[in-house]
Each structure stands twice: as C-alpha cells, then as structure tokens.
Amino acid sequence: MSKKITPYKDSDLNKKKQVEQMFDTISTKYDGLNRVISFGIDVKWRKKVINMVAATNPESVLDIATGTGDLAISLAKTGAKEIIGLDLSEGMLAVGRKKIAQENLSKKIEMIQGDSESLPFEDDRFDAITVAFGVRNFENLEKGLSEIFRVLKPGGIFVILETSVPTKFPFKQGYHFYSKNLLPLIGKLFSKDKVAYSYLSESAAAFPYGEELNNILRKSGFIDVRHKPQTMGVATIYAASK
Ligand SMILES: C[S@@+](CC[C@H](N)C(=O)[O-])C[C@H]1O[C@@H](n2cnc3c(N)ncnc32)[C@H](O)[C@@H]1O
C-alpha cells in the first residue's frame, strides 16, 4: 500500500472529500495551470492515450476522474458513440460541460458526478476506460481499480496516464528540484490554493509507478498489463485488458 498523502494536512475530512474540495477550488484555473506545469507536454501524452483507445474501435468509453474533460473531448476522435466523463468535483465538471457545449459535443459526451470507488454502472458496460492524472488521487486505489475492472467489458482496454518519477541521472535530480521548488512556486503564483501544488508533488513522489503499479493492476484482475514511461519518466502510460 502506498503512503496516504492528503491535500490539507490539518483537515478532519477524509482524502476523498479533501480532493473534491481542492479541485472545486482550483477548477477555473486548472486548464491553464496544467499546461504551465507540464510545459504543454501533457498534450502529446494525451494524444498517445487517444490513439491507443482508437485502435480498439470502442463504441462506449468511460473517462474516470475526467476533471475539466480534456480527455473526454479528445475521445470523440475515436469514433465512439457514447462517452461518459465521471468526476467527484462538480466545479471541474462544470468547466468541462462548458467546453463540451462550445465544441458541440453535448449529445455525445455526458459529464456526471460520481466516485470511481463506487461506479454507478452495471458490470461489463464499457469497451474502453481511461484515467488521466486521476488514480493518484483515489482514496482507495485497489477499490477504484476493482470497480474499473468490474465495469470494463471482457476484452476491453483500460489506459492510465499518470505522473511518475524519473530514475536516471540527471533527470531524477532535475525532477526533484522542479517538483520540490518550482512546482509549489508556480502553484502559489497562479492559484490561491497553495496547498494544491505541494500536494501534487508529494502525491506524485509517494505513488507507485512502473512495475509496482503493473502488479497492483494484475492483483485487481487485469491481464496483458504493460507500461511505457514518457519524457524521461515524468509520466507513464499503462495499458491493460480484462
Ligand atoms: C489532476 S485532475 C485530472 C483531470 C483530468 N483527467 C485531466 O487529465 O486533466 C484529477 C481529478 O480526479 C478527480 N478524482 C479524484 N478522486 C476521484 C474519485 N474517487 N472518483 C472520481 N474522480 C476523482 C478529481 O476531482 C480531479 O478532477
């Protein structure tokens, strides 16, 4: 089990409520900040996720922890007939719904509030499921993954995009400096919620990645588990099947 890192250290709320509160607070700034803190490289990583999903010709796709819906919107390119974005934070979903309306995709993409650890869907429901920068925020990772496994169709694809930690010199040292010093500073400059960006680096450092996360996926029942580090290992794409 990974160490539990929560956004607000003095809060009595559980991790899930704190995460919801934090994302509600930063929702209107989230998209801009996202591009700044990843220097825009996240766009390239997201494209890879979309290509992996598109290659399976899915009819129905669920994007968990969809936030402001960037991945859900790009999933429309896969040709899927139905796309559902699910998130804990109403604030994030509200920003996403506006973007979806602007793109004229409201008929295809539905954004619903929900919890990845108790998904409101029947078994074997989706051809493909994605989570971008979300699994690290789950209160109970194993529970979230077993729910995802339950609602994925046999033979369906599950793709995770998540931050990871470079292991090789000099990227390891560079990343450490960036996440400990620059990231919280950027967070402070752009958002009122300073806490959010210290949480981002702390939770990334404590979260299992690479083979460790692969093993957790296998324990949750997934097969054909594989991963590919991106950009010196600052993020990793995981794929698995059922
Ligand atoms: C860093 S954001 C990622 C948003 C989006 N996927 C993206 O790539 O920009 C993480 C999101 O996970 C959501 N989240 C965290 N725990 C969740 C859970 N248990 N169920 C659903 N959403 C959750 C948060 O509300 C937040 O919007």
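Before any of the text, the structure's been laid out above.
Each chain has its residues counted from 1, running along the sequence as written. Residue-level local features of this predicted model are given only where pLDDT is at least 70; pairs of side-chain atoms are given and counted only at 80 or more, and the full residue set underlies all totals for whole chains, interfaces and linings. Excluding hydrogens and water, the side-chain figures rest on all heavy atoms present in the structure.

(A) Representation of the sheet that holds strand β2 (residues 82–87) within the structure. Pairing between strands is defined by DSSP: at least two bridges between the two strands are required. Only runs of H or I of at least four residues qualify as helices and only runs of E of at least two qualify as strands under DSSP, and these elements are numbered from the N terminus. Strands sit in the order β3-β2-β1-β4-β5-β7-β6 across an open sheet of seven strands; the sheet is mixed. At either end of the open sheet lies a strand with only one pairing partner, and these are β3 (109–113) and β6 (223–230). Across the sheet, the mean angle from the axis of one strand to that of its neighbour is 15°, orientation sign disregarded. Pairing of β2 with β3, which is carried by five bridges, proceeds in the parallel orientation. The partner of Leu86 across the bridge, within β3, is Ile112. A contact between two residues is defined here by any heavy atoms of the two lying within 4.5 Å. Axes, fitted as lines to C-alpha atoms, cover a helix only where it is in contact. Angles between the N-to-C directions of the axes lie from 0 to 180 degrees. On top of the sheet, helix α9 (residues 211–219) reaches β5 (152–163), β6 and β7 (235–241); it is set at about 155° to β6, its chief contact.

(B) Region of interest: the site of the ligand. As a structural note, the neighbourhood of the ligand is formed by 20 residues, with Tyr30, Arg46, Ala65, Asp87 and Ala132 the closest of them. The separation between an oxygen atom of the ligand and a polar side-chain atom of Arg46 is 2.8 Å. The contact in question runs from a nitrogen atom of the ligand to an N or O atom on the backbone of Ser116, over 2.9 Å. For the accessible areas, the method is Shrake-Rupley and the probe is 1.4 Å, while residue cover comes only from the protein chains on display. When the ligand is considered free in solution it has 600 Å² of accessible area, and contact with the protein chains removes 98% of it. Of all the secondary structure elements, the ones that give two or more residues to the shell around the ligand are α1 (15–26), α2 (30–37) and β2. Near residues are defined by distance, with any heavy atom within 4 Å of the molecule or strand qualifying the residue. N or O atoms within 3.5 Å of each other form a polar contact, as long as, within protein, one can give a hydrogen and the other can take it, and as long as residues adjacent in sequence are counted only when both atoms are side-chain atoms.

(C) Geometry of the pattern of salt bridges. When a carboxyl oxygen of Asp or Glu is within 4 Å of a side-chain nitrogen of Lys or Arg, the pair counts as a salt bridge. A complete count under the given rule lists 19 salt bridges for this structure. Measuring nitrogen to oxygen at the nearest pair gives 3.0 Å for the salt bridge that ties Lys16 to Glu117. Taken together, the positions of Lys16 in helix α1 and Glu117 in the loop between β3 and β4 (126–132) put the pair 101 residues apart, joining distant regions of the chain. A single burial state applies to Lys16 and to Glu117, both of which are buried. When the shortest N-O distance is used, the salt bridge between Glu20 and Lys17 registers 3.2 Å. Highlighted residues: Glu20 and Lys17, both in helix α1, separated by three residues, approximately one helical turn. Residues participating in the shared-partner salt-bridge network are Asp31, Arg35, Asp42, Arg46, Asp70 and Lys99. Burial classification: accessible surface area is computed with a 1.4 Å probe over protein chains only, and a residue below 20% of its type maximum counts as buried, one above 50% as exposed, and the rest as partly exposed.

(D) Expanded view of unusual backbone geometry. For the peptide bond that leads from Phe169 to Pro170, omega is 0°, which places it in the cis range. You can see Pro170 is positioned in the loop between β5 and α7 (171–190).

(E) Summary view of the side chain of Ser60. Mapped onto the secondary structure, Ser60 falls in strand β1 (residues 60–64). Discounting residues that sit within four places of it in the chain, Ser60 has contacts with Glu82, Arg125, Phe126, Asp127, Ala128 and Lys153.

(F) Structural view of the packing of aromatic side chains. Only the six-membered ring of Trp is used, alongside the rings of Phe and Tyr, when aromatic pairs are assigned; centres must lie within 6.5 Å, and planes under 30 degrees apart are stacked while those over 60 apart are edge-to-face, with the rest tilted. For the structure shown, the criterion picks out five aromatic pairs. An angle of 65° between the planes, with centres 6.3 Å apart, marks the rings of Phe23 and Tyr30 as edge-to-face. A single burial state applies to Phe23 and to Tyr30, both of which are buried. Between Phe121 and Phe126, the aromatic rings sit 5.0 Å apart at their centres with planes inclined by 90°, giving edge-to-face as the arrangement.

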